[in-house]
Each structure stands twice: as C-alpha cells, then as structure tokens.
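One-letter residues, chain by chain:
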Amino acid sequence: MTDDKNIIVSTQNLSVHFPVRGSLPFKKKYVKAVSNVSLNIRRGETYGLVGESGCGKSTFANALLGMIKPTEGKVIFEGKDLNSLSKKEFKQTRRNMQMIFQDPYSSLNPRFDILQIIGEPMVIRGGYTDEEIEERVVELLELVGLSREDLHRYPSDFSGGQRQRIGIARAIILNPSFLVCDEPVSALDVSVHAQILNLLDKLQKQRNMTYLFISHNLAVVKSICDHMAVMYLGKVMECGSTQTIYDNTLHPYTQALFSAVLDIDVDNKRERIVLQGDIPSPIDPPAGCRFCKRCPHAMPICSQKEPELIEIEPDHMIACHLYSGEKE
Ligand code: SF4
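What counts, and where the lines are drawn
Residues numbered from 1 in each chain as written. Predicted model: local features only at pLDDT ≥ 70, side-chain atom pairs only at ≥ 80, totals over all residues. Heavy atoms only, no water. Pairing = 2+ DSSP bridges. Helix = DSSP H or I, 4+ residues; strand = E, 2+ residues; numbered from the N terminus. Axes fitted to C-alpha atoms, helices over the stretch in contact; angles between N-to-C directions. Contact = heavy atoms within 4.5 Å. Buried < 20%, exposed > 50% of the residue type's maximum accessible area, 1.4 Å probe, protein only. Near = heavy atom within 4 Å. Nonpolar A, V, L, I, M, F, W, Y, C, P; charged D, E, K, R; others polar. Parallel < 35°, antiparallel > 145°, perpendicular 65-115°, else oblique. Left-handed = near helix turned anticlockwise from the far one by under 90°. Phe/Tyr/Trp six-rings, centres within 6.5 Å; stacked < 30°, edge-to-face > 60°. Salt bridge = Lys/Arg side-chain N within 4 Å of Asp/Glu carboxyl O. Patch = residues over 30% accessible without salt bridge, like charges linked within 9 Å, V, L, I, M, F, W, Y side chains within 5 Å. Areas by Shrake-Rupley, 256 points an atom, 1.4 Å probe, with all protein chains shown as cover. Lys, Arg positive; Asp, Glu negative; His and termini not counted. Charge placed at Lys NZ, Arg CZ, Asp CG, Glu CD.

A. Highlighting the sheet that holds strand S11 (residues 310-313). If you walk across this open sheet you meet the eight strands as S6-S7-S8-S3-S9-S10-S12-S11, and the pairing is mixed. Because the sheet does not close on itself, it has two edges, and the strands there are strand S6 (97-100) and S11. Neighbour-to-neighbour, the strand axes of this sheet turn through a mean angle of 20°, independent of strand direction. Both strand S7 (residues 178-182) and strand S8 (residues 210-215) contribute to a ladder of five bridges, which runs parallel. In the sheet register, cysteine 181 faces S8, and the bridge partner there is phenylalanine 213. Of the strands in this sheet, strand S3 (46-50), S6, S7 and S8 are in contact with helix H6 (residues 190-207), which crosses S8 at around 160°. Along the sheet, helix H9 (residues 252-259) contacts strand S9 (227-232) and strand S10 (235-241); its crossing angle with S9, the most-contacted strand, is approximately 105°.

Now the structure itself:
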C-alpha cells in the first residue's frame, strides 16, 4: 500500500508510549497512548480520525507532525522518514505540515496583533521584507473572510469563529501541503461550524491540500471525509472509505458511535447502542481486544487474543474476531 504514488503521509506501526511518573524503575509503567497504528493518507483527500476523548487521536497527530518522538514505528511524509532527517531537513519538511488547533481562544498569543500572529511563520523562516509579510498577511486575511482593517487588532477583538479563521490563515501562510485539523470546530458556537468547514473545503480545493481531520463528531466526519479511521484506546478498530464504513458498519465500536449520531441520515435510522462502562486505563489496557470490556458481542477469545486489522472488502479494514474466523 505504501508504494501508492498518491500517498502523501503514512504511518507504519506507529506507537507512542509515555512512561508513568513515579512508577518503580524495575516495574516501569507506560501510558500506551498509540499502539501499532498504520495508516495511509492520500494527496488531496480529507482523512477523518474519530474516537472518544482520550483515545489517542491528538497524540497520534502530534507524532505524525514530529512534535512527539514515536516509541516505535515510522512516519513517512512525501517519501521521507521524519525520524531519519537531520534537524535542518526536518525543519524544511515540517513547513509543509501544519496544524489548526482546537481552541482558537488559547492558541493565539493575546499580546500579538494579527499581523504578528499570522506573519510569524514567515518571520521565523526569514528572507522576507516587512512589506512582503504584510502583503501576504492581507492576502490571507481576505482569503479567510477578514480584511486589511484587521491587521493591527488583537485576538480579544474577535469572535471564536473569526479567531479560528486567523488560526487557519497562520497555518497556511507557508503554503503547506498537509494540514492537521485537530477538532477545529468543537470549541466554537454551532452556528459557525458550517462557515469554518466551508472555508476549509474552499482552501483545500484551491490549494490541493490534504487534511487529517480529527473529530469525535461522526456527522461531520461522514459529510467531509473521504477516508476515516476509528480509534479506541490507541488502536485502530476500523478504517477505510468513509462511505463504505457508513454503508456497512461492522465493528461493534463503530456501530455504537454511529448509532449515537441522530441527525446523520433521516432515511437510515440506526438502533441506539449505549455502551456500558468507561474507557479502561491506557496504562493497563485489557488483554486481547481492547474493546472487550464494553463490547456487547464479546466472546471468550476476545479477552485472550488481539484481533488483527484485516481487509474485509475493498477499502475497508476491521480488527474484530467476529470477522477474523476465530471464535473459540
Ligand atoms: Fe467485540 Fe470481540 Fe470484536 Fe472486540 S474482537 S469488538 S470484543 S467481538
């Protein structure tokens, strides 16, 4: 799969485990935030990553961007293994990978004006005159629906939706090819969700950008993502074409997530599945299938053997013993 020329970024068996502070040296414990995740994201697409809070989505994104060193595995971006790059090569490559943050209130420095906030990546990169930076910032402000008059205003002068537009302008000022959108509308008023999603859609079409779209909102993922992966306790449970997964939802966890979405498709009402219990601790995840403690279909093998991610139909993979052929 990784020789597909269209793949812009892929992870190969990516794991991120954090040592637990205070655990005994001879019995070290780890938070297994991400375990053995292999995904391929194709150029120009929007790839959705979904799961409940704490399932490892943001840690995965940070490892993908090289902000966290993986414990194991690789991140390949435009054919380059991020962890084998020199500092200089990494810096150059990283310019093509940017992030839009979840909270536009805390992600913008309140002491900087908009020119400084959006123009900062160009200042750090160097080689531009003040006039060039200002011209580019104005161009981007207009692109995201703001104007030259906003140049010397401060984040506190703007609404949440406007601040997210400013965050988007800053993220794309160096013309990245890949953008991680980490829950970009979840901190915003519902009334501006569509505006921000439409803006992202417009920018993607104009600039042929690729998005990793992290969300716990299945309805949004269904409407904007070409492919998706469902994560639970740091592992991928189901992944593939969004439409295929939606039409043929197989994993019990994905079924429960989709069943909780009320407005997704009025013609296709699903029976509501309410999961019992909480997500187990990622320090000591259950043996076998990580979902076995909450799965309504759990069988004896589920707590003994971990199901592998297997292709069940074209562009649709699943990790579940209901489909692995092992039921003992
Ligand atoms: Fe449920 Fe077993 Fe499938 Fe896990 S492997 S999702 S516990 S049926």
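B. Layout of helix H1 (residues 57-64). Most of H1 sits out of view: seven of its eight residues are buried. Those residues of H1 that fall on the buried side of the exposure criterion are Lys57, Thr59, Phe60, Ala61, Asn62, Ala63 and Leu64. Phi for glycine 66, located one or two positions after H1, is positive at around 75°.

C. Region of the structure containing the site of the ligand. Taken together, 13 residues are adjacent to the ligand, and Cys289, Cys295, Cys302, Cys320 and His321 come closest. Within the shell around the ligand, the residues separate by chemical class into ten nonpolar, three polar and no charged.

D. Up close: the sheet that holds strand S5 (residues 80-81). Taken together, four strands build an open sheet; the order of strands is S2-S1-S4-S5 and the sheet is antiparallel. Each having just a single partner strand, strand S2 (30-42) and S5 make up the two edges of the open sheet. The pairing of strand S4 (residues 72-77) with S5 spans two bridges and is antiparallel. Counted as the bridge partner of isoleucine 76 is aspartate 81 from S5. Across the sheet, H1 lies against strand S1 (7-19), S2 and S4, angled at about 120° from S1, the strand it touches most.

E. Representation of the packing of helix H5 (residues 160-172) against H6. Two elements in contact, H5 and H6, have axes separated by 10 Å at closest approach and are oriented at 20°. It follows from the interaxial angle that H5 and H6 lie roughly parallel. Our pair here, H5 against H6, has a crossing hand that is right-handed. Facing Gly161, Gln164, Arg165, Ile168 and Ile172 of H5, the residues of H6 in contact are Val192, Gln195, Ile196, Leu199, Leu200, Leu203 and Arg207. In terms of residue class, the contact of H5 with H6 is made up of seven nonpolar, three polar and two charged.

F. Up close: the packing of aromatic side chains. For the structure shown, the criterion picks out five aromatic pairs. On the basis of an interplanar angle of 70° and a centroid distance of 5.4 Å, the ring pair of tyrosine 246 and phenylalanine 258 is categorised as edge-to-face. On the criterion of sequence distance, the pair formed by tyrosine 246 in helix H8 (residues 242-247) and phenylalanine 258 in helix H9 is long-range, its members being twelve residues apart. With a relative accessible area of 1%, phenylalanine 258 lands in the buried category.

G. Representation of the environment of glutamate 183. Here glutamate 183 lies in the loop between S7 and H6. A residue is classified by how much of its surface remains accessible, and glutamate 183, at 10% relative accessible area, is buried. Separated by 133 residues in the primary sequence, glutamate 183 and valine 50 place their C-alpha atoms 9.9 Å from one another. Those residues in contact with glutamate 183, other than ones at most four positions away along the chain, are Lys57, Gln102, Ile214, Ser215 and His216.

H. Quick peek at the pattern of salt bridges. Considering all chains together, one arrives at nine salt bridges under this definition. Its salt-bridge partner being glutamate 120, residue arginine 170 comes within 2.7 Å of it at the nearest N-O pair. Of this pair, arginine 170 sits in helix H5 while glutamate 120 sits in helix H3 (residues 114-125); the two residues are 50 residues apart in sequence, bridging distant segments of the chain.

I. Structural view of a negative patch on the surface. A cluster of acidic residues, Asp130, Glu131, Glu132 and Glu135, forms a negative patch on the protein surface. Within the fold, aspartate 130 resides in helix H4 (residues 130-143). Given a relative accessible area of 63%, aspartate 130 falls into the exposed group.

J. Representation of the packing of H3 against H5 in the model. Following both chains from N to C, one finds H3 and H5 inclined at 30°, their axes separated by 7 Å at the closest point. It follows that H3 is roughly parallel to H5 by the angle criterion. Side by side, H3 and H5 meet where Ile114, Ile117, Ile118, Glu120 and Pro121 of the first sit next to Ile166, Ala169 and Arg170 of the second. Across the contact of H3 with H5, the residue classes break down as six nonpolar, no polar and two charged.

K. Layout of the pairing of S3. Burial analysis of S3 places five of its five residues in the buried class, which makes it a mostly covered element. Here S3 runs beside S8; their pairing, made up of five bridges, is parallel. Considered in S8, the bridge of leucine 49 is made with isoleucine 214. Relative to S9, S3 runs parallel, the two being bridged by four bridges. Residue pairing in the sheet places leucine 49 in a bridge with alanine 229 of S9.

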